[in-house]
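# Structure assessment
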Amino acid sequence: MSEVAIVGAGLAGCEAAYQLAERGVKVILYEMKPNDRQPAHKSDGFAELVCSNSLRSDRLTNAVGLLKEELRRLGSLVMRAADATRVPAGGALAVDRAAFSQYITDTILTHPSIAVVTETVTEIPDTPCIIASGPLTDGALLRSIESKLGACLHFHDAAAPIVTHESLDMNVIFEASRYDRGSDYLNCPMTRDEYFAFVEAIVSAETVKPHDFESPKVFEGCMPIEVMAKRGSMTLAYGPLKPVGLDDPRRSEAPFAVVQLRRENAEGTLYNLVGFQTNLKFSEQRRVFGMIPGLSAAEYMRYGVMHRNSFISSPGKLNSSYECVDIPMLFFAGQITGVEGYVESASSGFVAALAAHRRLSGAPEIDFGQRTAIGALAHYISGYAGRDFQPMNINYGIMTPPDIRIRNKQARYSAIAERALKTIDDIVANGL
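Residues numbered from 1 in each chain as written. Predicted model: local features only at pLDDT ≥ 70, side-chain atom pairs only at ≥ 80, totals over all residues. Heavy atoms only, no water.

## Considerations on the overall build of the chain
- Helix and strand counts for the chain stand at eleven helices and 16 strands.
- Taken over the C-alpha trace, the chain has a radius of gyration of 22 Å; the compact-globule value for 432 residues is 22 Å, and the two agree within 12%.
- Projected onto the principal axes, the alpha-carbon positions of the chain cover approximately 65 × 50 × 45 Å.
- Here the chain holds 432 residues, and 56% of them are scored as buried.
- At a minimum sequence separation of 6, the contacts of the chain that also span at least 24 residues come to 70%.
- Summing over all exposed atoms, the chain offers an accessible surface of approximately 18000 Å²; the carbon and sulfur share of this is 50%.
- Charged side chains in the chain number 43 positive and 50 negative. The centres of these two groups are separated by 5 Å. (Helix = DSSP H or I, 4+ residues; strand = E, 2+ residues; numbered from the N terminus. Rg over C-alpha atoms; globule rule 2.2 N^0.38 Å. Buried < 20%, exposed > 50% of the residue type's maximum accessible area, 1.4 Å probe, protein only. Contact = heavy atoms within 4.5 Å. Areas by Shrake-Rupley, 256 points an atom, 1.4 Å probe, with all protein chains shown as cover. Lys, Arg positive; Asp, Glu negative; His and termini not counted. Charge placed at Lys NZ, Arg CZ, Asp CG, Glu CD.)

Here it is in structure tokens:
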């Protein structure tokens, strides 16, 4: 078989490289680190998790939980690494991000069919290739992409702060997951007065001005908390600070609002503020977030940051295998395609790699269809028919509904998940 070039060693690129290599294809994986970095990069490892260490829900009644289970059954490297490095997070799958990156880095570097080239790619390779350069793709490579596909769109993404456990006031904070599903989260309870004082402070706090951004669009799934707060005084109380299902065992009065902290590493020394993606200045983060009960003396290992993401206007330009409609054997994968989220990025890398392998080997293509989560996501980015294409997380709304009407939402989602996993099992049984 021909070699396949892959640009970018993020989750999508590493997943694609591994799947091709496991099928006997020689892979040249280009990665700019450590010689060069994008603004969000902090480490030299592959598959770096930037915004959060959470891969979100692990339950099949949540579409991302279904997508993860599909990837497990398909033999995903990213899911194998996530399961091997997971840390407690209630019903979510969260990982020790350093261990997760190291697991994938070691697997890629030691694979005999993968050659890693440390180089900043400025032109689309003139060979079969998968571009997985990430949502911060810019400069010469972005211009090369736009010369073939047209202008990319942009939106803003944001990351939440990380604090040390030892700096937290555990006399105020209590351990619990919602609805008694363990004690994996730390919870900062707020009274009514504390909540409204916090909202007033955050909406008036000073933000960093993104001078280099044009026509800013903010993805709803990573909405900066100060932007969310400006939508209404109760928006946070019904969003990331909702107290539902969380009772402080030391107090008789239920909290009016709750700020949750999720474990960042296996040792439990670091925690991130759930839902607190922000573009506040660092000094303002210390001041305003210090108003949260239990965080008055918090030590920040990373402040919240905001950056620009780039993505292709994929409908009509990419097909459901993430291949360019007009340029055979040029594939894209990851958030640059318009999928949003770590697991979604890995799934696009898997689909692109499988399609490239089958094309090279002369085997018929596999269309996962909209009855599976992995297929529904691919069909969303390729077949969206609306006027304003925007990045999308996997959700049950973009999947084919059950053949019969099921009124109960959880029962309906369970039926969709059961059908999807049977479809995946049948595909695996027929050979990938």
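Having seen the structure, we can now continue with the description.
## Points about the state of the cysteines
- Within this structure, the stated rule accounts for zero disulfides.
- Here Cys 152 is not cross-linked by a disulfide; its sulfur's nearest cysteine counterpart is in Cys 324, at 11 Å. (Disulfide = S-S within 2.5 Å.)

## Structural notes on the nonpolar core
- Of all hydrophobic cores here, the largest spans 99 residues; its most connected members are Phe 100, Ile 108, Ile 130, Ile 145, Phe 332 and Phe 368.
- Ranked by residue count, the leading element in this core is helix α9 (residues 342-361), at ten residues.
- Setting aside residues no more than four positions away along its own chain, Ile 130 makes contact with Val 4, Ala 5, Ile 6, Val 7, Ala 16, Leu 20, Phe 331, Phe 332, Ala 333, Ala 352 and Ala 353.
- Membership of the second largest hydrophobic core comes to 34 residues, among which are Leu 168, Ile 225, Ala 298 and Tyr 300. (Core = buried A, V, L, I, M, F, W, Y, C linked by side-chain atoms within 4.5 Å.)

## Examining the sheet that holds strand β4 (residues 86-87)
- Overall, antiparallel pairing links the three strands, which are arranged β3-β5-β4 in an open sheet. This sheet does not close on itself; its edge strands, each paired only once, are β3 (54-57) and β4.
- Pairing between β4 and strand β5 (residues 92-95): two bridges, direction antiparallel. Paired with Val 87 across the bridge in β5 is Ala 94.
- Packing of helix α2 (residues 63-74) onto the sheet brings it into contact with β3 and β5, and relative to β3 it is tilted by some 115 degrees. (Pairing = 2+ DSSP bridges. Axes fitted to C-alpha atoms, helices over the stretch in contact; angles between N-to-C directions.)

## Section: the packing of aromatic side chains
- One pass over the full model with this rule turns up 13 aromatic pairs.
- Ring centres of Tyr 195 and Phe 196 lie 5.1 Å apart, and the angle between their planes is 75 degrees; this geometry places the pair in the edge-to-face category.
- Taking relative accessible area as the criterion, Phe 196 reaches 26% and is therefore assigned partly exposed.
- Relative to Phe 289, the ring of Phe 276 has its centre 5.2 Å away and its plane inclined at 75 degrees; by these criteria the two rings are edge-to-face. Remark: Phe 289 occurs in helix α8 (residues 282-289) and Phe 276 occurs in the loop between β13 (270-273) and α8; sequence separation between them is 13 residues. For the pair shown, Phe 276 and Phe 289 are each scored as buried. (Phe/Tyr/Trp six-rings, centres within 6.5 Å; stacked < 30°, edge-to-face > 60°.)

## Quick look at the sheet that holds strand β6 (residues 114-118)
- Judged by pairing direction, the sheet is parallel, and its five strands sit side by side in the order β6-β2-β1-β7-β16 without closing on themselves. Looking along the sheet, the strands with just one partner apiece sit at the ends: β6 and β16 (330-332). The sheet shows a mean angle of 20 degrees between the axes of neighbouring strands, taken without regard to direction.
- Pairing between strand β1 (residues 4-7) and strand β2 (residues 27-31): four bridges, direction parallel. Paired with Ala 5 across the strands is Ile 28, a residue of β2.

## Notes on helix α1 (residues 11-22)
- Taking 1.5 Å of rise per residue, twelve residues should cover 16 Å, and α1 covers 16 Å from first to last C-alpha, within 8% of that figure.
- Where α1 is concerned, the buried positions are Leu 11, Ala 12, Gly 13, Cys 14, Glu 15, Ala 16, Ala 17, Tyr 18, Gln 19, Leu 20 and Ala 21.
- Count one or two residues on from α1 and you reach Gly 24, which has phi positive near 90 degrees. (Expected span 1.5 Å × (residues − 1).)

## Digging into the environment of Ala 373
- Mapped onto the elements of the fold, Ala 373 is located in helix α10 (residues 373-383).
- Assessed through its relative accessible area of 0%, Ala 373 is described here as buried.
- Considered as a pair, Ala 373 and Ala 84 are 289 residues apart in the sequence and their alpha carbons are 23 Å apart.
- Excluding residues that lie within four positions of it along the chain, Ala 373 makes contacts with Ala 63, Leu 66, Leu 67, Glu 70, Ile 394 and Met 399.

## Points about the pattern of salt bridges
- Scanning all chains against the criterion turns up 17 salt bridges.
- A salt bridge links Lys 33 to Glu 48; the nearest nitrogen and oxygen atoms lie 2.8 Å apart. With Lys 33 in the loop between β2 and β3 and Glu 48 in the loop between β2 and β3, the pair connects residues that are 15 residues apart, well separated along the chain.
- Lys 33 sits in the buried class, given a relative accessible area of 5%.
- Residue classification places Glu 48 among the buried positions, given a relative accessible area of 14%. (Salt bridge = Lys/Arg side-chain N within 4 Å of Asp/Glu carboxyl O.)

## Digging into the environment of Ile 28
- In this fold, Ile 28 is placed in strand β2.
- Placed 401 residues apart in sequence, Ile 28 and Ala 429 show a C-alpha to C-alpha distance of 29 Å.
- Those residues in contact with Ile 28 that sit more than four places away from it in its chain are Glu 3, Val 4, Ala 5, Ile 6, Ala 115 and Val 117.

## Regarding the packing of helix α6 (residues 192-204) against α8
- The N-to-C vectors of α6 and α8 enclose an angle of 170 degrees; their axes lie 10 Å apart at closest approach. It follows from the interaxial angle that α6 and α8 lie roughly antiparallel. From α6, Phe 198, Ala 201 and Ile 202 reach across to α8, where they touch Arg 287, Val 288 and Phe 289.
- Classifying every residue of the contact of α6 with α8 gives five nonpolar, no polar and one charged. (Parallel < 35°, antiparallel > 145°, perpendicular 65-115°, else oblique. Nonpolar A, V, L, I, M, F, W, Y, C, P; charged D, E, K, R; others polar.)

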